[in-house]
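# Architecture and fold: a report
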Amino acid sequence: MSPQDPIGASNRPPLQLHIPEPPARPGQAPRFDHLPFSPAGAIRRPDPGVAEPEMRDLPYGLIRVLDDEGDAVGPWDPGLDAETLRRGLKVMAQTRAFDDRMFRAQRQGKTSFYMKSTGEEAIGAAQSMMLDRDDMCFPTYRVLSWLWARDYPMLDLVNQIFSNEGDPLKGRQLPILFSARDYGFYSLSGNLGTRFSQAVGWAMASAYRGDTRIALAYVGDGTTAEGDFHEALTFAAVYRAPVILCVTNNQWAISSYAGIAGAESTTFAAKAIAYGLPGLRVDGNDFLAVWAATVWAAERARTNKGATLIEFVTYRAAGHSTSDDPTRYRPAEEAACWPLGDPIERLKTHLIARGEWSAERHTQMEAELADGVRAVVKEGERIGTLGQSKPPVRQMFEDVFKEPDWRVLEQRRELGV
C-alpha cells in the first residue's frame, strides 16, 4: 500500500471545519443556557496567598454576591458600608446619563464617534473606587465609570469628545480614546491587545523599583484571541508581575460572537491555568462581586504572589459603537433577557432592601445627574463641537521632541505659527 493510499482511508469520514455560531440570531428567541451561572454565594473564597494549583476550580464557577432578592450573601461579600454603595450607584448612573447624552450628540453631528458602556458600568466603577489613587489602569473604552469614580472634570471629557479648542489632549486622539494619567487612567488605544502587555510591563517596572503601586488592565473577549494576550500572560507569570488582568466578556466582539475567541470550549478565566496563574470568573453586573474579586487580586499582587486573570461575565447592551447596529446579528430583545440583569438596578435593589435608598431618591438622583450632564455638554458646545472649534494649529508641533529639530522649526515657520 502506498503512502498516498493508507489502509482504511476510504472508510474515514470527511473532515469538517467547525464555525462557532451564537445561540440565537435576529428573529430567534434569546438563549443563554450555554453559559454556566452559579447561585449567588456558592463559590468558595480561598486565601489570596494560596498556591494556584489549589484554585483550579474557580475559573469554572461564577463569583456572585447579590442574589435575586438583592441580598448580599456568601463568602465574597465585601461588607461595604451604605455610603460607599450609594457612591457606586451614583457613579454608574452618571456614566449612563453621560453616555445617553453623548450618543445623541453624535447623532446630531457634534462628534464623529462614540461608544456606550451600557450594562458594564459596575466594572470600572467598583475597581476605580477600590484601588489606590496611584495604581494605574490600562483601560478599554467601556470603563468610563473609572473616571467618574475619581471625579474627573466632565467638561474636559466633553471637550475631548468634541475635539474643540478646550480639548486637554489638543486634538491628538480619537473622541473616545481618553487619557487621564493623573487619575490613574493610562492613554486609551484602539489596539486593544496592547493594554495587557503595557500593564504587565508597567507592573514589572514598579516591582523592579521596589515601589508599592500595582497595575490593572482590560481587554474584551475578542482580544483574547490576539498574541498580545498570551505574551502578556507569559511575562506576568514568569516575573510575578503585580498586575490584575481583566477580560470583559460581554458576549460580543463588535459583531463576532464570543465563541470565535474560544468561549465554546472553556471559560476565559480558565486560560489562566496554562500559565500557572489564578483565574476568577466573576458576575460583572454585580458591583459587590466586582469589588470583592478586585480586593482579592490586589492583595495577591501587593504581597508579591503575582498576577490574577479575572473574567467579568457581562453583556454589551448597546451597539459596539455609534457605527454599529446590533439588531443585524443578535435578537433585538436579547439585552432585556440577559440573566444577570442590569448592574444599576441590582445595586439599587440591594440598597433599598437594606433600607438605605428608595425609588423616589433614585428618580431624583437620575434627574439631577441628567441636568448636570446637560449643563456641562452645553458649556462644551459653546466652546465648539466637531469642526466648529479646533485646538490651535501650533499645538501639533509641541510635545513631539524635547528639543524641536530643524524640520519642526521649518514647518512651524512655513505655517506662520
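Residues numbered from 1 in each chain as written. Predicted model: local features only at pLDDT ≥ 70, side-chain atom pairs only at ≥ 80, totals over all residues. Heavy atoms only, no water.

### Topic: the side chain of Asp-99
- Residue position: Asp-99 is located in helix H1 (residues 82-107).
- Although Asp-99 is buried, it forms no salt bridge, and the closest oppositely charged side chain is Lys-116 at an N-O distance of 6.5 Å.
- Residue contacts for Asp-99: discarding those within four places in its chain leaves Tyr-114, Met-115, Lys-116, Ser-117, Thr-118 and Leu-144. (Helix = DSSP H or I, 4+ residues; strand = E, 2+ residues; numbered from the N terminus. Buried < 20%, exposed > 50% of the residue type's maximum accessible area, 1.4 Å probe, protein only. Lys, Arg positive; Asp, Glu negative; His and termini not counted. Salt bridge = Lys/Arg side-chain N within 4 Å of Asp/Glu carboxyl O. Contact = heavy atoms within 4.5 Å.)

### Remarks on the UniProt feature "domain: Dehydrogenase E1 component" (unreviewed entry) in the protein
- Mapped onto the present numbering, the UniProt feature "domain: Dehydrogenase E1 component" (unreviewed entry) falls on residues 90-382.
- Across residues 90-382, helical content stands at 41% and strand content at 11%; the span's end C-alpha atoms are separated by 27 Å. (UniProt positions renumbered as here; feature names shortened; annotations may be inferred.)

### Focus: the UniProt feature "domain: 2-oxoisovalerate dehydrogenase E1 alpha subunit N-terminal" (unreviewed entry) in the protein
- Mapped onto the present numbering, the UniProt feature "domain: 2-oxoisovalerate dehydrogenase E1 alpha subunit N-terminal" (unreviewed entry) falls on residues 13-48.
- A distance of 49 Å separates the end C-alpha atoms of residues 13-48, which is 0% helix and 0% strand.

### Some remarks on the nonpolar core
- Counting residues in hydrophobic clusters, the biggest one holds 76 residues, and the most contacted among them are Phe-98 and Phe-287.
- Top contributing element to this core by residue count: helix H7 (residues 287-302), with 11 residues.
- When residues no more than four places from it in sequence are discounted, the contact partners of Phe-287 are Leu-80, Leu-85, Gly-88, Met-92, Ala-122, Ala-125, Ala-126, Met-129 and Leu-347.
- Counting residues in hydrophobic clusters, the runner-up holds 25 residues, among them Ala-199, Leu-245, Ala-258 and Leu-277. (Core = buried A, V, L, I, M, F, W, Y, C linked by side-chain atoms within 4.5 Å.)

### Observations regarding the packing of aromatic side chains
- As enumerated under the stated definition, the model contains 14 aromatic pairs in all.
- Counting every residue linked through ring pairs, the aromatic cluster contains Phe-32, Phe-37, Tyr-315 and Trp-338.
- Above the ring of Trp-76, the side-chain terminus of Arg-45 is found at 5.3 Å from the ring centroid.
- The ring centre of Phe-103 lies 5.0 Å from the NZ or CZ of Lys-116, which sits over that ring. (Phe/Tyr/Trp six-rings, centres within 6.5 Å; stacked < 30°, edge-to-face > 60°. Lys NZ or Arg CZ within 6 Å of the ring centre and 35° of its normal.)

### Considerations on the domain arrangement of the protein
- Splitting the protein by domain gives domain 1 (50-320 + 330-385) and domain 2 (392-416).
- For domain 1 versus domain 2, the separation of C-alpha centres amounts to 37 Å. (Domains from an automatic or database assignment.)

### Quick notes on the sheet that holds strand E2 (residues 215-220)
- Reading across from one edge, E1-E2-E3-E7-E6 is the order of the 5 strands in this open sheet, with parallel pairing throughout. At either margin of the open sheet sits one strand with a lone partner, and together these are strand E1 (136-138) and strand E6 (279-283). Mean inter-strand twist for the sheet, computed between neighbouring axes without regard to direction, equals 20°.
- In this sheet, strand E7 (residues 308-313) lies alongside strand E3 (residues 243-249) in parallel orientation, the contact comprising 6 bridges. Each residue of the ladder has a partner; that of Leu-245, found in E7, is Leu-309.
- Strands E2, E3 and E7 of the sheet are contacted by helix H2 (residues 121-130), whose axis makes an angle of about 175° with E2.
- Here helix H6 (residues 227-238) sits on the sheet in contact with E2, E3 and E7, set at roughly 150° to E3. (Pairing = 2+ DSSP bridges. Axes fitted to C-alpha atoms, helices over the stretch in contact; angles between N-to-C directions.)

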